[in-house]
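Single-letter residue listing:
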Amino acid sequence: MTSSTNKGKVNPDLINERNKCTFNTLELTHLLDGDEVKTKERKSRESFFLDDADLKTEVPIEYLSHKEKYEEAVRKACIVFRKVQQLQNEGKAGVDNYREILGGQLGSALLKDGHPLTLHYVMFIPTLMGQATIQQQAEWIQKAWSCNIIGTYAQTELGHGTFIRGLETIATYDPKTEEFVLDSPTLTSYKWWPGGLGQSANYAIVLAQLYTLGKCHGIHPFIVQLRDEETHEPLSGIIIGEIGCKLGMNTTNNGYLGFNKVRIPRTNMLMKNNQVLPDGTYVKSPSSKLTYGTMIFVRVVLVQDAATYLKKAATIATRYSAVRHQSQIKPNEPEPQIIDFVTQQHKLFPYIATCFAFQYSATWLWELYNNVTGELESGHLDNLPELHAASCVLKAVSSADAALGVETLRLACGGHGYMTSSNLPTTYGLVTAMCTYEGENTVLLLQTARFLIKIWQNKTNVTNLPTVRYLQNSLNRNSPFEKTVSWIISALQQTATGKIDLANRHINERVKKGEAYEDAWNNTSIELVAAAEIHGRTFIVETFFSTVQKLRKQTSVELGTVLSQILELYAVYTILRSTGDLLRFTRTSSQDIELLQGWLEELLAAIRPNAVGLVDSFDMRDEVLASTLGAYDGNVYQRLFEEAQKSPLNSEPVNKSFHLYLKPFMKSNL
Ligand SMILES: CCCCCCCCCCCCCC(=O)SCCNC(=O)CCNC(=O)[C@H](O)C(C)(C)COP(=O)(O)OP(=O)(O)OC[C@H]1O[C@@H](n2cnc3c(N)ncnc32)[C@H](O)[C@@H]1OP(=O)(O)O
Ligand SMILES: Cc1cc2nc3c(=O)[nH]c(=O)nc-3n(C[C@H](O)[C@H](O)[C@H](O)COP(=O)(O)OP(=O)(O)OC[C@H]3O[C@@H](n4cnc5c(N)ncnc54)[C@H](O)[C@@H]3O)c2cc1C
């Protein structure tokens, strides 16, 4: 394993752990990357960025002011983008690689607290590609790819983020001049949140209510110039700025934006789906939801990003748990490695397994996305609802579990996990944001629930819908407990079906009592969210299972065994999270729950010798981990001490506040 970039002496506990490992970690690294060639390519991309001296920051960014952090982030962001262009030109980076370059792997190593230009690649260009006509693409795409213009995606407003039909920004068509007039009629209509909007972007895709010939047609995307291309001064009628400090992502330059009667040409409305003709006639697309396409794309890629952040936190906490000694298990024995406490294993190992589970679901979802968008291009919309429902639930479950996972793994590192230098607090700030952006998680779960209930009510034929196929026959499955993942999947499916059926019954009962359907929906929404959540978790276990079945045909026996163990652990852990529901919706007995608990404990013990090997296989360079606790060599205490020396407070023996305040205060108390 060559993860280490710090060639210090490796901590003996980690040497010992690595010697104990029963499988070849490199084999697993290749499997996770795809194959050996892909590992090499990834490593070469990592070196290309991480070995560049210009991309290093001397002072830890935490010690910089808000303004300095931003300026340093833009400096680096430009170098990163230039390098991305170089890779593109050499054919060494495609769309897939952006996830790594901008997301939790390389992205968070290069710009620890967020990239001010991410939205350009993640939403501005994808919206042009998905929603602009061929002519519009000819005008804008090249400029955007070559970064002659920098864009963002301005949808959310001060007053509305979730309910996008309620957005208040107005674009009124003026047939006399063949222009749209953009206006922000209220304070709540100001755009609020778009990444890079504050001081970085000079263009934006703006979502606004379209009015033509006196009629409102709902929200539509417009490409709008915000700043002069030379001076970067805001254009006339554009009110723009940054929204201020946040829990995390403090270098993403989230901004606000208001319009005071700003005129843009008719051709700046993105018209691949809907059109406004020169005389103001509105031409409608086959589905109003095609405007929401960029959001689907981002939800899809976020599932992989959630897995990546979790890998990072799992690597840090597992290595730390192997070198940290504390307390005693038996009197008079040496202090054990904290990883030997079973409660500690319970904090770490299920999240190691979750990294695999999310990665496999992310791969599945990416394929579905590519297939369905291909179909949309040829006018087939049939599979869009399933893609929407699957991307909503997988984004919601993966971001929620990754956030909980990072926090659990931080707690697993005790006091040192609270240090910024562990990189766990910053990682949490990045991951918890995912639960809100690109669709707040509860709202997304309700979207999936809407799909599930519709299928259930209409008795839709589900044979061609992979995520819901199980609904056909799982309500009455009552197979007795078996110690297999297949049994767990079947029990989870039965539970999910039971919960969907119950929520549906409660809606119907409420409607029968006279409630409007919408009120009945709202009053049943706690159950609906829970049903969608278990449906999502069931699908993740199922996908993990089918992936491991396929992979085992190509792996060594040793690796195959470990993959099966982590699959089992993820499955058992997941079902034990729903013990109450299992007892309600299946024939599982409390005795079976005891058996599941015993199985969980067996698996923790089986995985224990391979825990460090598993996280080593994630092959995260020390620069990616950026953590005093997680480095390959395990020299935790030296690193903590060295990092503390970087505090500006340690640059002088006596701080001036002593003379100014402390001393007068102390003396006056004499
Ligand atoms: C490369 C990457 C690296 C990683 C770096 C990452 C950094 C990322 C940085 C990112 C920074 C963050 C950037 C940001 O944050 S950008 C801002 C993101 N904002 C949001 O995500 C807003 C969330 N809200 C919505 O999406 C909608 O308003 C919802 C969906 C809630 C309701 O909407 P609406 O009120 O209109 O709908 P309805 O409820 O009446 O339902 C009506 C029908 O429509 C169907 N429907 C709804 N939606 C879709 C859809 N999408 N495709 C297909 N169909 C859809 C629905 O099933 C229903 O169908 P039916 O039942 O009638 O048949
Ligand atoms: C870090 C970050 C970056 C962002 N970047 C961008 C960007 O680049 N571009 C952009 O346009 N936007 C961006 N956003 C905005 C983001 O997409 C929204 O914040 C998000 O969609 C949630 O909307 P909201 O803030 O209006 O929350 P709200 O909808 O007000 O949510 C508040 C609460 O109300 C509940 N709620 C709302 N509606 C319902 C409902 N129908 N049923 C049940 N409960 C409901 C929610 O569950 C939640 O508990 C960003 C946000 C963050 C945090």
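Residues numbered from 1 in each chain as written. Chains lettered and ligands numbered in written order. Predicted model: local features only at pLDDT ≥ 70, side-chain atom pairs only at ≥ 80, totals over all residues. Heavy atoms only, no water.

The protein has the name Acyl-coenzyme A oxidase in an unreviewed UniProt entry, where Molorchus minor is given as its organism. Of the protein, the UniProt comment under Cofactor (unreviewed entry) reads exactly: "FAD". (UniProt positions renumbered as here; feature names shortened; annotations may be inferred.)

A. Structural context of the site of ligand 1. Surrounding ligand 1, one finds 28 residues, the nearest of these being Thr162, Lys289, Tyr292, Arg450 and Lys454. Between ligand 1 and the protein, one listed contact pairs an oxygen atom with a side-chain N or O atom of Arg299 at 2.8 Å. Coverage of ligand 1 by the protein chains reaches 84% of its 1,300 Å² of free accessible surface. Of all the secondary-structure elements, those providing two or more residues to the shell around ligand 1 are helix H5 (95–102), helix H7 (118–131), helix H9 (293–323), helix H11 (384–411) and helix H13 (441–458). (Near = heavy atom within 4 Å. Polar contact = N/O pair within 3.5 Å; in protein donor to acceptor, adjacent residues only side chain to side chain. Areas by Shrake-Rupley, 256 points an atom, 1.4 Å probe, with all protein chains shown as cover. Helix = DSSP H or I, 4+ residues; strand = E, 2+ residues; numbered from the N terminus.)

B. Here's a closer look at the environment of Arg608. Note that Arg608 resides in the loop between helix H19 (590–607) and helix H20 (611–617). Counting along the chain gives 174 residues from Arg608 to Met434, while the straight-line C-alpha distance between them is 31 Å. Those residues within four positions of Arg608 in sequence are excluded, and the remaining contacts are Glu17, Lys20, Gln337, Ile339, Asp340, Gln345 and Phe349. Polar contacts involving the side chain of Arg608 include one to the side chain of Gln337, which spans 3.5 Å. (Contact = heavy atoms within 4.5 Å.)

C. Structural context of the UniProt feature "domain: Acyl-CoA oxidase C-alpha1" (unreviewed entry) in the protein. UniProt records the feature "domain: Acyl-CoA oxidase C-alpha1" (unreviewed entry) at residues 292–453, using the numbering of this structure. Taken as a whole, residues 292–453 contains 73% helix and 0% strand, while its terminal C-alpha atoms sit 22 Å from one another.

D. Spatial organisation of the domain arrangement of the protein. When the domains of the protein are assigned, the result is domain 1 (6–37 + 296–647) and domain 2 (149–285). Taken over C-alpha atoms, the centre of domain 1 sits 37 Å from the centre of domain 2. Contacts between the two partners involve 8 residues from domain 1 and, on the opposite side, 5 residues from domain 2. Summed over both sides, the interface between domain 1 and domain 2 buries roughly 450 Å², with carbon and sulfur atoms accounting for 74% of that surface. Counting across the interface, domain 1 meets domain 2 through 1 salt bridge. (Domains from an automatic or database assignment. Buried area = accessible area lost by both parts, 1.4 Å probe. Salt bridge = Lys/Arg side-chain N within 4 Å of Asp/Glu carboxyl O.)

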